[in-house]
Amino acid sequence: MGYIELDVIDQPKRIVVGIDLGTTNSLAAVFEDGRPRVLHPEGQSGIVPSVVYVPAEGLPIVGANGKAHAVDDPKHTIFSIKRFMGRGLSDIEDDLSTLPYDVRETERGLVQIDLHGKTWTPQQLSSLIIGAVLEKVRVATGGAEVTGVVITVPAYFDDAQRHATRDAAKLAGVDVLRIVNEPTAASLAYGLDQKSEGTVAVFDLGGGTFDVSVLSIEDGVFQVLATNGDTRLGGDDIDRTLVDLARTELADQVPAETLTDPAFLQAARLAAEHCKIALSKDPEHEMHLSLPGLNWRRTVTRAEMESLARPLIDRALACCKRALADAELEVADIEEVVLVGGSTRMPLVRSAVQEFFGREPHTALDPDEVVALGAAIQAHVLTGGTRDILLMDVTPLSMGIETVGGAVAKMIERNSTIPCSHNEGFTTYAEGQTGINFNVVQGEREMAADCRSLGKFELKGIPPMPAGMPRVAVRFALDADGMLTVTAKEESTGALASIDIQPMHGLTDEEVETMLSAGFENAQEDFDRRRVVDLRTEIGTMMAAVEKNMAAAEDALDQETFEDLLAAMASGQAAQKSDDLKTVQSARDLLETASTPLAAVLMDSVVKQAVSGKKLDEV
Ligand code: ADP
Ligand code: MG
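Everything numeric here is computed off the predicted structure, so don't read it as measured data.

Rules used in this analysis
Residues numbered from 1 in each chain as written. Chains lettered and ligands numbered in written order. Predicted model: local features only at pLDDT ≥ 70, side-chain atom pairs only at ≥ 80, totals over all residues. Heavy atoms only, no water. Helix = DSSP H or I, 4+ residues; strand = E, 2+ residues; numbered from the N terminus. Rg over C-alpha atoms; globule rule 2.2 N^0.38 Å. Buried < 20%, exposed > 50% of the residue type's maximum accessible area, 1.4 Å probe, protein only. Contact = heavy atoms within 4.5 Å. Areas by Shrake-Rupley, 256 points an atom, 1.4 Å probe, with all protein chains shown as cover. Domains from an automatic or database assignment. Buried area = accessible area lost by both parts, 1.4 Å probe. Salt bridge = Lys/Arg side-chain N within 4 Å of Asp/Glu carboxyl O. Polar contact = N/O pair within 3.5 Å; in protein donor to acceptor, adjacent residues only side chain to side chain. Pairing = 2+ DSSP bridges. Axes fitted to C-alpha atoms, helices over the stretch in contact; angles between N-to-C directions.

Participant: Explain the overall build of the protein chain here, please?
Facilitator: Tallying secondary structure elements over the protein chain gives 18 helices and 26 strands in all. Rg of the C-alpha trace for the protein chain: 32 Å, well past the compact-globule value of 25 Å for 619 residues, more than 25% over. With the C-alpha coordinates of the protein chain rotated into their principal frame, the extents come out at 110 × 75 × 70 Å. Within the protein chain, buried positions represent 49% of all 619 residues. Within the protein chain, residue pairs in contact and separated by at least 24 positions form 64% of the contacts whose partners lie at least 6 positions apart. With the model as given, the accessible surface of the protein chain reaches about 29,400 Å², and the carbon-plus-sulfur share is 50%.

See below:
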């Protein structure tokens, strides 16, 4: 008997994706399991550099492999195609002098590029980039069929530019569900559409362009109030300051022709970008340029880089000012600031933006992914999906409150799935204390000073009671949006205080990383410091109890025991100022031993009934 063969065809998964078709980089994201994520083949980046290399023979090479040809064949390696989309020659006049390839105009007044005797439209070249992005999607999803895309464009793109973008997608063989503004997509990624109303500034510093947009939100609908920007300002310009540095310093070492040679310039640009990116993380980096006959190394510090970049950042801020003026708004009217674009990873950019707007920008999402993520959300919603998304499903850092002596009592551990909550009882440290200051912190270190303070609040109205008597219930509740609410309630009086905090506010991935690794690296040292603080707190409580009962001690204890107690008190006093674990530990042990007879005496005295079973320091 033979087997009947069944021809089982695996129906490919059908998905819609969002595509950020950038001037410098392009990428796609999908909305899945309640959240958007960038699609990338395993072990590879999802980012496709927006570069097409057109060789004399054979097929065009797109992305990173195409970019690699910028050194050996700059005339046929096309960057920044987005600048030409839907434009005529007159629109790109300023660019023409710097372009290494031949650009012409079609009869219909649109830009065309000549490469090896064949003309290419920007739409065609862009479609190759979209194709490369979709190829990444295909590999990442194991062959899913993309049935529709949302593509993003700058808010200022006019109709012709939007049309050209739509046509590029069609040429790549996908159906365009919608063209969405980049700042809107970024705001969507941060869930800002869920505010009933508000005003948002989106600061987008990419590779070659800077855009700032002021948006209003009303009932989930975004409206562009104003845009401004500079099409000649971006990370490339920052790279150029380092290229210029290299050229200046090499001027007397190499022939002048070398310094203007396209291959040299391209290699210098790559080295400069590499160095700049490293300096976003490290305080200094060695810029390295290696070409035939030339090997140049130069250490650049972050401070040096920042002083080179500062004038460029100031230009961006001037655009922000103009955008606000156009929108007839003041800085104070802006409720949310969103950072977009790889260049906003520079610490200088972050601090400058924060200073300008007087508030911390949103940085929880990766600035080069945020537009694609928002586009994916839009694609999902357009195909009937719902939008109750979780932007983060775990909290990346622990949260807690500062206790006596600066130690941290962790309330929510890092990597807890959200929403989540935790309750814990606290009490007062000082006699008759009527208020408690709470410092809410985030981080992995044991001491509050080494963590990041998220906010402070005060619980007032505690009736004066002996130290340790009030029962204060503290509750940390982290909701699905990452909003932390901390409440403190004194149980006997019902006195209540609370604070709402957005814990992710202003923390970058790098900061999270740094805080995490600092937590691991300093574990032992932190543990010791924490122990010192806890011991000193304990000593303080014991000494307070002894002092309170000093008269009884003098009466009831024999001379020697009383003197031992005084000596222990003196060493306790000294230990309060010490940071040495051994010293503090032995002072505490001494105090405990020396105060035991007093505790026994007190047990027998009038307070016996009230304190039975308690240690002295609990009396
Ligand atoms: P675009 O929107 O123009 O396509 P991107 O948002 O991808 O561009 O930004 C690309 C720019 O971001 C490049 O100039 C790149 O050098 C810069 N960039 C990427 N990562 C970093 C970083 N860690 N620090 C500084 N600049 C960065
Ligand atoms: Mg961009």
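Participant: Explain the domain arrangement of the protein chain to me, please; I cannot follow it from the model alone.
Facilitator: Frequently, the measure chosen for interface size is the accessible area that the parts lose on association. By domain assignment, the protein chain separates into domain 1 (14-234 + 308-393), domain 2 (235-307), domain 3 (395-508) and domain 4 (523-611). Domain 1 and domain 2 are separated by 27 Å when their C-alpha centres are compared. Regarding the contact of domain 1 and domain 2, the summed buried area is about 1,600 Å², with carbon and sulfur atoms giving 62% of it. Broken down residue by residue, the surface that domain 1 buries against domain 2 is led by Val 71, Leu 308 and Met 346, which jointly contribute 38%. Between the two partners, domain 1 and domain 2, sit 1 salt bridge. In this structure, the salt-bridge partner of Lys 67 is Glu 273, at a minimum N-O distance of 3.9 Å. Counting across the interface, domain 1 meets domain 2 through 13 residue pairs in polar contact (both at pLDDT 80 or more). For the side of domain 1 that touches domain 2, the elements supplying multiple residues, two or more each, are helix H2 (69-72), helix H10 (302-326) and helix H11 (347-357). When residues in the side of domain 1 that touches domain 2 are grouped by element, the largest group, 5 residues, is from H10.

Participant: Even after reading the chapter, I still don't get the sheet that holds strand S7 (residues 77-78), so can you show me in this structure?
Facilitator: Two strands in a sheet stick together by hydrogen bonds in their backbones, pointing the same way (parallel) or opposite ways (antiparallel). With respect to topology, 3 strands assemble into an open sheet ordered S6-S5-S7, the strand pairing being antiparallel. Strand pairing shows two members of the sheet lacking a second neighbour, strand S6 (61-62) and S7, which therefore form its edges. Both strand S5 (residues 52-53) and S7 contribute to a ladder of 2 bridges, which runs antiparallel. What sits directly across from Val 52, in S7, is Ile 78.

Participant: I tried to follow the sheet that holds strand S22 (residues 436-442) on my own but got confused; where do I start?
Facilitator: Here 4 strands make up an open sheet; going across it, the order is S20-S19-S22-S23 and the pairing antiparallel. Whereas interior strands pair on both sides, the edge strands pair on one side only; in this sheet they are strand S20 (408-412) and strand S23 (452-459). Direction aside, the axes of adjacent strands within the sheet are offset by 30° on average. Bridge analysis of strand S19 (residues 399-402) against S20 gives 4 bridges, and the strand direction is antiparallel. Across the sheet, the residue bridging to Glu 402 is Val 408, located in S20.

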